[in-house]
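Spelled out from the first residue to the last, the chains are:
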Amino acid sequence: MLRAKRRLSNGSVDAVGPPLQRRRSSITQASIEPPGEHDDLNDDTPRRMQGYRRAYQPAVYNQQFSHAPIINGDIYGSVHNNIRDSTLDSLQFLYQHAAMGAMHESKERCPPPLCHPGTRDVVVRRVIGWYLGKDGRKKIMWVHAPLGCGKTAVAGTVKERLDAMDLHFENPVAATFFFWRSSAERNSPARFIIPLAYQLAQSIPELCPGLKITIKSKPGVGKMALENQLIELIVKPFKSLPNLDAMPNRLIIVDGIDECINSDRESLVKKKYAEDQEAVQIRVLDLIHCLHSHHLPLSFLILSRPEAWIKRHLESRPFSDVVEPLNLYKVGDHMNDVKQLVRAELSRIAKRLEEPGEEWPEEEPLVRKSEGHIVYVAAVIRHIGDEYGDPQQLLKGIVESSDMLHFTPFSSLYELYRRIMRSCPERNRSLMMEVLGDVMAAAAYTLEFWDHSHNPALGVLDRLSKRPPGCGVKVLRPLHAVLRVGRGNEDSDIGQLFIHSSFREFLESPHLSFEFAVDAKEEVARLVSAVLDHMMSTTTDTIGSELEDVCVFALHNWCQNWFHIKKTLLKSQTTHLHLLNKPAPGPISP
């Protein structure tokens, strides 16, 4: 997402370094460096505590892109004796255990994704209006949208706009947590509660005395279950305040719950089932609901893809009574947002080339090809903005080509697609790829369905390929992040199955999709073979009787597409000749 320039607040991580860093020379943390490795550590490496007992000496390692250490041992943190030292106060203890990279202004996320000026204004205003509203409104909002719609940028923009507003209190956004599956400290719920407590204490200093009491009386709180951490580090400090009812309502933003996978080695370990990630994401939602149930002056903005289990959980009781859903994909004019972004960025590139009045004939084709997805345009702009390339020629090649095989800016997008595919149940993958091939082949030859709705069309393709009834809908359901499938999409046009065109192009590119590549010619040949099978099943015995809909479909589309098939698939005498030499399934009646 392209980012707007912004002014960092005095208390931001990027402006002055990590909180408390200026006092770190007087703050000591438990650390033991292996002999000979000290020189390899950077200046943020914690120093050994003076007078620390050597009976227990856990190793502390700095995390990449973050100032918060990983304590060797339990993932929740494993510091025992240091918290007894009077120099280690509550904020320092929380900082030591917090996933600092998950915060809005962390070094890992710098600069944070923001909406381009003038884009996504409708949804941003809608969220801010919900937060500032009163009169019994629901205090949890779930903003959901498919891949590439800019959910994270919306979250960041809401945060910065609220911070810039002149409200009667400070720090309206009290805490943020941005999950990210490729970050070891941000892809697990293990460090979810402590960063929230840390930020809440910074935003609401009145909470610090209560936190200090908890940490002093329960030094093992860092190893407690998340549900207990929530009570001890957030609920109890809030409840200890005498004027809780008069306290202004603050917002907590949690983005990318679908990125929470409960494993810091997810990219290295092949998941067997998509369901492996469901429980941990549901747990995060339940933690948020638990926090909400204590009636604290807090509202919650949740952003995620509409994963089936997330959607089902948030639509069930007791969530449905307290959650305000917002489909980002259906709010605002996405094509107009993209048009503004394209025009602004092409003007910027032209200005850099010292040709401010330069016209871009490819502007409109690029807007149309984006299908309203800013992620597509942002990647294209990054690609053509290469100072060593020719932006005009690069853009012309993009809009004139149907593939994007050499666009390195899409690497992260394609990697995400591979992860989505690999998260699907292994037992169904071969059928899933067959159904995808059927849909893509049907689209390539513009096959005509009597009913273009999602479920009926997939049902015809199932019967055509002799799969069990309902198989197509079932095996594609785990791909709802990139396909319009599942509940609510039954009446969607089968031609609009792919949410974003880059996913189709990804499947058609073996060097990008690897084991998930779809050979278009092979799939068309298979579909043509199935059509021929059903045509040959129509013998003189069936004439005058009612034909199965799949036979009518086969006959109708063969006639409609024979010219195209002969011109492409059967252009050689040997290519796919076996298709026309297929034996009839049985004797034809005289």
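Predicted, not measured: the structure shown is a model, and the values here were computed from it. (Residues numbered from 1 in each chain as written. Predicted model: local features only at pLDDT ≥ 70, side-chain atom pairs only at ≥ 80, totals over all residues. Heavy atoms only, no water.)

Caption draft 1: Broad picture of the nonpolar core. If you look at the biggest cluster of nonpolar residues, it comprises 59 residues, and the most contacted ones within it are Phe192 and Phe238. Phenylalanine 238 has contacts with Leu200, Ile204, Leu207, Leu244, Met247, Leu296, Pro297 and Leu298, leaving out every residue within four places of it along the chain. Membership of the second largest hydrophobic core comes to 51 residues, among which are Met440, Leu483, Phe498 and Leu507. (Core = buried A, V, L, I, M, F, W, Y, C linked by side-chain atoms within 4.5 Å. Buried < 20%, exposed > 50% of the residue type's maximum accessible area, 1.4 Å probe, protein only. Contact = heavy atoms within 4.5 Å.)

Caption draft 2: Layout of the sheet that holds strand 6 (residues 298–304). Ordered in space as 4-5-6-3-7, the five strands form an open sheet in which the pairing is parallel. The two strands at the open ends of the sheet, each matched to only one other strand, are strand 4 (173–178) and strand 7 (323–327). Averaged over all pairs of adjacent strands, the angle between strand axes in this sheet comes to 15°, irrespective of strand direction. The sheet contact formed by strand 5 (residues 250–255) and strand 6 spans six bridges and is parallel. Note that in strand 6 the partner of isoleucine 253 across the bridge is leucine 301. (Pairing = 2+ DSSP bridges. Helix = DSSP H or I, 4+ residues; strand = E, 2+ residues; numbered from the N terminus. Axes fitted to C-alpha atoms, helices over the stretch in contact; angles between N-to-C directions.)

Caption draft 3: Region of interest: unusual backbone geometry. With an omega dihedral of -10°, the bond running from cysteine 110 to proline 111 counts as a cis peptide bond. Summarising the element assignment, proline 111 is placed in the loop between helix 2 (90–97) and helix 3 (121–132). Note that the residue after arginine 317, namely proline 318, is joined by a cis bond; omega there is 5°. Relative to the assigned elements, proline 318 resides in the loop between helix 9 (308–315) and strand 7. A positive phi angle, near 60°, is found at lysine 466, a position not held by glycine. Assessed through its relative accessible area of 64%, lysine 466 is described here as exposed. Despite not being glycine, phenylalanine 514 shows a phi value in the positive range, around 55°.

Caption draft 4: The packing of aromatic side chains, seen in detail. Enumeration according to the criterion identifies six aromatic pairs in this entry. Taking 5.9 Å as the distance between ring centres and 20° as the angle between the ring planes, the aromatic pair formed by phenylalanine 503 and phenylalanine 506 counts as stacked. Taken as a pair, phenylalanine 503 and phenylalanine 506 lie in helix 18 (residues 501–507) at a separation of three residues, close to a single helical turn. Members of the aromatic cluster, each reached through a chain of ring pairs, are Phe177, Phe179 and Phe192. (Phe/Tyr/Trp six-rings, centres within 6.5 Å; stacked < 30°, edge-to-face > 60°.)

Caption draft 5: Structural view of the packing of helix 3 against helix 4 (residues 151–164). Across the interface, helix 3 lies against helix 4 with an axial gap of 10 Å and an inter-helix angle of 55°. By the angle between their directions, the pair helix 3 and helix 4 is classed as oblique. In the crossing of helix 3 with helix 4, the sense of the turn from one axis to the other is right-handed. Seen from helix 3, the contacting residues are Asp121, Val123, Val124, Val127, Ile128 and Tyr131; seen from helix 4, they are Val154, Thr157, Val158, Arg161 and Leu162. Partitioning the contact of helix 3 with helix 4 into residue classes produces eight nonpolar, one polar and two charged. (Parallel < 35°, antiparallel > 145°, perpendicular 65-115°, else oblique. Left-handed = near helix turned anticlockwise from the far one by under 90°. Nonpolar A, V, L, I, M, F, W, Y, C, P; charged D, E, K, R; others polar.)

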